Amino acid sequence: EYLSAWDDEDARFLARKRARFPNHKPFFDALLIDHEGYVILHTGETEGDLSVYHVFTPGGDFVNAVKMPDVRGSAIFVDGVVYNIERHDGESDPTVHRYRVR
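About the thresholds
Residues numbered from 1 in each chain as written. Predicted model: local features only at pLDDT ≥ 70, side-chain atom pairs only at ≥ 80, totals over all residues. Heavy atoms only, no water. Helix = DSSP H or I, 4+ residues; strand = E, 2+ residues; numbered from the N terminus. Buried < 20%, exposed > 50% of the residue type's maximum accessible area, 1.4 Å probe, protein only. Contact = heavy atoms within 4.5 Å. Phe/Tyr/Trp six-rings, centres within 6.5 Å; stacked < 30°, edge-to-face > 60°. Core = buried A, V, L, I, M, F, W, Y, C linked by side-chain atoms within 4.5 Å. Pairing = 2+ DSSP bridges. Axes fitted to C-alpha atoms, helices over the stretch in contact; angles between N-to-C directions.

**Q** Account for the overall build of the protein, naming residues and giving values.
**A** A count of helices and strands for the protein gives one helix and seven strands. Secondary structure of the protein in N-to-C order comes out as α-β-β-β-β-β-β-β. Going through the 102 residues of the protein one by one, you find that 24% of them count as buried. Considering only intrachain contacts with a sequence separation of at least 6, the fraction spanning at least 24 residues in the protein is 12%.

So, in structure tokens, the structure goes:
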């Protein structure tokens, strides 16, 4: 649908002809690692205002699916706490939020 919106005269026509979309999409779109080596995958799924993450042990065993606000790649994990930079509607400056992980 996205590509069909372009006209043949559009400068992006060559890009459209060369574009390839895989049949299968990746399971996750971001990877985070906490201070203990746990792997946290952002799945792209949401539940309400929260994003769904899958958590794996440092050895690769699945632990649980968790819901929390979008965590940026710049987030810092320390002793069960996530420090995350967030920008909210109507605010000009970002703020740092702290979330306890249980």
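Further notes follow.
**Q** Residues and numbers for the packing of aromatic side chains, please.
**A** This structure, assessed with the given rule, holds one aromatic pair. Judged by centre distance (5.5 Å) and plane angle (70 degrees), the ring pair of F56 and F62 falls under edge-to-face.

**Q** Outline the nonpolar core, listing residues and values.
**A** In terms of nonpolar packing, the biggest core is built from nine residues, these being L32, I40, Y53, V55, M68, V71, A75, F77 and V82. In this structure Y53 touches L32, I40, L41, H42, N64, A65, V66, M68, P69, D70 and V71, once residues within four positions along its chain are discounted.

**Q** Tell me about the pairing of strand β1 (residues 30-33), and please be specific about residues and values.
**A** Residues in a regular strand project their side chains so that they alternate between the two faces of the sheet. Here β1 pairs with strand β2 (residues 39-47) via four bridges, running antiparallel. Bridged to A30 within β2 is H42. Following β1, the chain reverses through five residues before pairing antiparallel with β2; G37 in that reversal takes a positive phi of roughly 90 degrees.

**Q** Requested: an account of the sheet that holds strand β3 (residues 50-56), with residues and values cited.
**A** In spatial order, the strands read β1-β2-β3-β4; together these four strands make up an open sheet with antiparallel pairing. The open sheet is flanked by β1 and β4 (62-68), the only strands paired with a single partner. Geometrically, the sheet is characterised by an average inter-axis angle of 30 degrees between neighbouring strands, direction not taken into account. Bridge count for β2 against β3 is six bridges, and the pairing is antiparallel. Directly across from T46, in β3, lies its bridge partner S51.

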